[in-house]
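Residue-level structure breakdown
Below, each chain spelled out in residue letters.
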Amino acid sequence: MMNFFATHGNELIIKTWEHLYISMAAILLGVFVAVPLGILLSRAPNFADRFISFIGILQTIPSLAILAFFIPILGVGKLPAIIALFFYSLLPILRNTYIGIRDVNPAVVEAGKGMGMSALQSIIKVELPMALPVIMAGIRLSTVYLIGWATLAAFIGGGGLGDFIFDGLNLYQPSLIIAGTVPATILALIADRLLAFLENRLMPEGLKNSYETA
Amino acid sequence: MLEFHNVTKRYGNGKPAVNNLNLTIKKGEFVCFIGPSGCGKTTTMKMVNRLIDITEGTILVDGKNIKEQDSVKLRRSIGYVIQQIGLMPHMTIRENIVLVGTLLNWTKERKDKRARELIKLVNLPEEYLDKYPHELSGGQQQRIGVLRALAVNPPLILMDEPFGALDPITRDALQEEFKKLQKELNKTIVFVTHDMDEALKLADRIVIMKDGEIVQADTPEEILRNPANEFVEEFLGKDRLIQGRPDVTTVGQIMNSTPITVQIGTTLKSAITKMRDGRVDSLLITDSDNVLKGFLDIESINNNYKKASKVENVMETNIYSVSQDSLLRDTIHKILRRGAQYVPVVDENHRLVGIVTRATLATLVYDTIWGDGTELEEIVAQAE
Ligand SMILES: Nc1ncnc2c1ncn2[C@@H]1O[C@H](COP(=O)(O)OP(=O)(O)O)[C@@H](O)[C@H]1O
Ligand SMILES: [Mg+2]
């Protein structure tokens, strides 16, 4: 154990950082794309259901296949890895944003509109704050998955903790596999807790005790 | 203040939800729209603040065509209260009350001052301003819903079944409060309801709708007195018409129209026979044109039997009568106060047309309490 840290300690820190970097970049991209898209979809509910099922079907393509698919287009390295992972982050965030907004109490939205809120004001002041808990749950779920899937980035030269796992597999060294898996799991757990905390902080005061008013 | 000119709304291509509606609402008027579910009340209301587009016709608010105004600005200038209340759950009561102020970029001080002013109107403590909607009861929430509509002092307020979801006691309390508030603030109110009692209680004018058209638009009294057709009558309900009766019923409607009478010239002897046959102790006396001349009771016959032979010689001519067109509510007290057993009813030429006895009044009271008696028969039938 000590031996392992002595030889691989530095590498472990670098790989962990890489791993985190790839995952976070993908998640952030995912949030920036999926949340606005989810809001847009909530304005076209007929189209939205079909669109979301379509994305769902795309995502059943095995991740390795997707990663391999990106190689001829984007080459190898961090960027294609981030883009592939970003693609996977979309669905949970998109679906939760759409459902979160769709399920905002229509009476509240109607009251807002009737009192003279513009469409944008309604989204920013009413719909997003009220859908926030659901959207955050989607982001959390996405993040945890992505930190796991990010190990596959190594397959297309993206780096991260997956390097350890692939080396371990190639060299028949279980300790390397563990060195890749355990930190990835810990990262996922920490990210989950942090986001849970953030979710609680961001949750509007009036929604904390109950989602409903009359 | 608010005018509908040939307003029609069609959803899709079907038959219109609102059909060629014409109506003018004066400033300060409290108008209730009422009608069965689906008759187009909500549609009518929502066209006013452009939550629903008009298909044909025009609506004017303060003489200005609403189509020529920016819809968002228009809505900010019209109060709006809905049945589901729709307070923003993530905002404090204060933020909720002055939401329109926020949309209009009021300063924080101005909003705060206004929030404190308003919450006093509904007798809630200022501490409530910092609470969240879910901490309030349904009735309190709707009070806030009403205040929110008043925040920037709009002259016109639209309310769609605002008290419909509240329990009857709370609803009653809010109706009272709101009616008072409306009188003080002199707002023009368009109020949708399906509760006739509510409409009768609150409205200056009731607009009864059916299948997207106005069936009758009148004061509550006029609607009770002269329902435009069977639909309105049915909608008012028999009970309510009976209840409404003391208010608008004329004496002519409830009198007994076959009083026992004798004509001038009748002998006392045959008058007595008539009394015995009719089982009455008093007779009304008319001339040959049926004009009421006086009355005769058994005592005066007894006292004068030997001195006179004709009814006109002994009758009492100082007789109190009521006109058949007078309202029962104005007459009933007079009848009772005089302690008379009966009052003759006359037409404009003082011709006798009927009689109101204490028994007639008792029947009326009985009807009001028991309905027309069918319920009682049912109870009896069930008991048997
Ligand atoms: N958005 C809509 N699309 C299609 N039809 C509608 C819509 N809103 C209301 N309607 C129809 O228009 C008619 C009047 O509805 P509404 O104004 O809500 O009635 P009310 O408020 O009197 O119950 C009903 O037949 C209803 O089904
Ligand atoms: Mg309605």
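Residues numbered from 1 in each chain as written. Chains lettered and ligands numbered in written order. Predicted model: local features only at pLDDT ≥ 70, side-chain atom pairs only at ≥ 80, totals over all residues. Heavy atoms only, no water.

1. Considering the pattern of salt bridges
- Evaluation of the coordinates by the stated rule reveals 22 salt bridges over all chains.
- Close ionic contact of B:Glu117 with B:Arg114 constitutes a salt bridge, the shortest N to O distance being 2.9 Å. Taken together, the residues span about one helical turn, with B:Glu117 and B:Arg114 both in helix H5 (residues 108–121) at a distance of three residues.
- Each of A:Lys15, A:Glu18, A:Lys78 and A:Asp163 takes part in one network of salt bridges that share partners. (Salt bridge = Lys/Arg side-chain N within 4 Å of Asp/Glu carboxyl O. Helix = DSSP H or I, 4+ residues; strand = E, 2+ residues; numbered from the N terminus.)

2. Remarks on the sheet that holds strand E14 (residues 322–323) of chain B
Residues and elements named next belong to chain B.
- Pairing is mixed in the open sheet, where three strands are placed in the order E14-E15-E16. Two strands lie at the open edges of the sheet, namely E14 and strand E16 (352–357), each paired on one side alone.
- Across two bridges, the pairing between E14 and strand E15 (residues 342–346) is parallel. The residue bridging Val-322 from the neighbouring strand is Val-345, located in E15. (Pairing = 2+ DSSP bridges.)

3. Some points on the site of ligand 1
Residues and elements named next belong to chain B.
- For ligand 1, the full set of nearby residues is Tyr-11, Ala-17, Ser-37, Gly-38, Cys-39, Gly-40, Lys-41, Thr-42 and Thr-43.
- Within the backbone of Gly-38, an N or O atom sits 2.7 Å from an oxygen atom of ligand 1.
- The contact in question runs from an oxygen atom of ligand 1 to an N or O atom on the backbone of Lys-41, over 2.8 Å.
- Here ligand 1, which alone exposes 560 Å², has 53% of that area covered by the protein.
- Of the residues that constitute the shell around ligand 1, the class distribution is three nonpolar, five polar and one charged. (Near = heavy atom within 4 Å. Polar contact = N/O pair within 3.5 Å; in protein donor to acceptor, adjacent residues only side chain to side chain. Areas by Shrake-Rupley, 256 points an atom, 1.4 Å probe, with all protein chains shown as cover. Nonpolar A, V, L, I, M, F, W, Y, C, P; charged D, E, K, R; others polar.)

4. Notes on the packing of aromatic side chains
- Counting across every chain of the model gives eleven aromatic pairs over all chains.
- Ring geometry for A:Phe47 against A:Phe51: centres 5.5 Å apart, planes inclined by 35°, an arrangement best described as tilted. Remark: A:Phe51 and A:Phe47 occur in helix H2 (residues 45–59); sequence separation between them is four residues, near one turn of the helix.
- A relative accessible area of 21% places A:Phe51 in the partly exposed class.
- Ring pairing ties together the aromatic residues A:Phe87, A:Tyr88, A:Tyr145 and A:Trp149, which thus form one cluster.
- The aromatic ring of B:Trp106 is capped on one face by B:Arg110, whose charged end is 3.8 Å from the ring centroid. (Phe/Tyr/Trp six-rings, centres within 6.5 Å; stacked < 30°, edge-to-face > 60°. Buried < 20%, exposed > 50% of the residue type's maximum accessible area, 1.4 Å probe, protein only. Lys NZ or Arg CZ within 6 Å of the ring centre and 35° of its normal.)

5. Here's the deal with helix H7 (residues 168–185) of chain B
Residues and elements named next belong to chain B.
- Between its first and last C-alpha atoms H7 spans 25 Å; for 18 residues at 1.5 Å apiece the expected length is 26 Å, and the two agree.
- The set of residues buried in H7 consists of Thr-170, Leu-174, Gln-175, Phe-178, Lys-179, Leu-181 and Gln-182. Axial view of H7: buried residues confined to an arc of 165°, hence all on one face. Exposed and oriented more than 90 degrees from the buried face of H7 are Ile-169, Lys-180, Lys-183 and Glu-184.
- Immediately beyond the C-terminal end of H7, within one or two residues, lies Asn-186, with a positive phi of roughly 55°. (Expected span 1.5 Å × (residues − 1). Arc of directions from axis to C-beta.)

6. Notes on empty space enclosed by the protein
- In the structure shown here, the tally under the stated rule is two cavities of 30 Å³ or more.
- As a volume, the largest cavity reaches approximately 50 Å³.
- Around the largest cavity sit A:Met115, B:Arg75, B:Arg76, B:Ile78, B:Gly79, B:Tyr80, B:Val100, B:Arg148, B:Ala149, B:Val152 and B:Pro154, which together line it.
- Elements with a contribution of two residues or more to the lining of the largest cavity: helix H2 (71–76), strand E6 (78–82) and helix H6 (138–150) of chain B.
- The element best represented in the lining of the largest cavity is E6(B), accounting for three residues.
- Volume-wise, the second largest cavity comes out at about 40 Å³.
- Forming the walls of the second largest cavity are A:Ser63, A:Leu67, A:Ala84, A:Leu85, A:Tyr88, A:Trp149 and A:Leu152. (1 Å grid on protein atoms, 1.4 Å probe; cavity = no way out; pocket = protein on both sides within 12 Å on 5 of 7 lines; lining within 4 Å. Points joined across faces, edges and corners; volume = space filled by probe spheres on them.)

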